[in-house]
Amino acid sequence: MVAPGVARLLVGAAYVQPLAELTPWMAASALFIGIRANYFDRAFQLGNNNKPQTLVMLVAALVNILGNLVLIPRFGYLGAGMAATLAAIVALLHSIIAGRAVYSLPWPGRDTAKIILGCGVMAAVLAVLPGGVAASSLVLHIAAGATVYAVTLALTGVVDMAALLAGLRRRRVQKSH
């Protein structure tokens, strides 16, 4: 939703459209990689068995290479984004399955639903904000999106605001001494 604005700030005019088209694929890939790496891959560490994780990453690399070979000739740079996203999804699913055999992690279903709700509310707000080509428009979109997302997470209890604010106060007091 903010990809065109970010692209205009980062690259020359000839690359704005390609970057804006590629950004959602790369964002999706980063999302799946982040979920895998920051949650499901923990099963390998907690189970003290990292060997299956090596296979997860090897399969992901092979899927990415094969995806690139098939998709880039047909879709160009978007094919690379598609292949990366496909590889990230395969790695996530593989990590879930292989990780359960090593150490079964509980699925935080309620918090996941709350986070998805926060994303939906943020997307709805971004969809109604006026677009623009200026940096100020991008700043408005980022600030509004981040604020709405944070408030939604706080209101749904994903983020314990009292504990967060107390921690910030403690840090400020420690820095002042």
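Please read these numbers as outputs of a predicted model, since none were measured by experiment.

J.: Describe in detail the packing of aromatic side chains, supporting the description with residues and values.
T.: Counted according to the given criterion, the structure contains three aromatic pairs. Measuring from ring centre to ring centre gives 4.9 Å for Tyr39 and Phe40, while their planes differ by 90°; the resulting arrangement is edge-to-face. Tyr39 sits in the partly exposed class, given a relative accessible area of 23%. Using a relative accessible area of 10% as the deciding quantity, one classes Phe40 as buried. Taken together, the ring pairs connect Tyr39, Phe40 and Trp107 into an aromatic cluster.

J.: Residues and numbers for helix 1 (residues 3-10), please.
T.: Structural remark: α-helix, 3.6 residues per turn; residues separated by three or four positions point the same way. Those residues of helix 1 that sit buried are Ala3, Gly5 and Ala7. Buried residues along helix 1 sit against helix 2 (13-40) and helix 7 (135-156).

J.: Before we move on, could you go through the pattern of salt bridges and cite the residues and values that matter?
T.: If you walk through the whole model with that rule in mind, you get one salt bridge. Close ionic contact of Arg36 with Asp41 constitutes a salt bridge, the shortest N to O distance being 2.3 Å. Asp41 matches Arg36 in its accessibility class, with the two residues each being buried.

J.: How would you sum up the confidence of the model for the protein chain? Please name residues and give values.
T.: Summarising the model, the protein chain shows a mean pLDDT of 91, and 99% of its residues fall at 70 or more. Confidence, read as mean pLDDT per element, is least for helix 1 in the protein chain (77) and greatest for helix 4 (residues 51-75) (98).

J.: Residue-level account of the environment of Asn50, with values.
T.: Position of Asn50 relative to the elements: it lies in the loop between helix 3 (42-46) and helix 4. Note on Asn50: relative accessible area 41%, which makes it partly exposed. C-alpha of Asn50 to C-alpha of Val102: the two residues are 52 residues apart in sequence and 9.1 Å apart in space. Not counting residues within four places of it along the chain, the set of residues in contact with Asn50 comprises Phe44 and Gln45.

J.: So what about the side chain of Thr152? Which residues, and what values?
T.: As for its position among the elements, Thr152 is in helix 7. At 2.7 Å, the side chain of Thr152 and the backbone oxygen of Val148 are in polar contact. Ignoring anything within four residues of it in the chain, the contact list for Thr152 reads Leu117, Gly118 and Val121.

Cut-offs applied
- Residues numbered from 1 in each chain as written.
- Predicted model: local features only at pLDDT ≥ 70, side-chain atom pairs only at ≥ 80, totals over all residues.
- Heavy atoms only, no water.
- Phe/Tyr/Trp six-rings, centres within 6.5 Å; stacked < 30°, edge-to-face > 60°.
- Buried < 20%, exposed > 50% of the residue type's maximum accessible area, 1.4 Å probe, protein only.
- Helix = DSSP H or I, 4+ residues; strand = E, 2+ residues; numbered from the N terminus.
- Contact = heavy atoms within 4.5 Å.
- Salt bridge = Lys/Arg side-chain N within 4 Å of Asp/Glu carboxyl O.
- pLDDT = per-residue confidence, 0-100.
- Polar contact = N/O pair within 3.5 Å; in protein donor to acceptor, adjacent residues only side chain to side chain.

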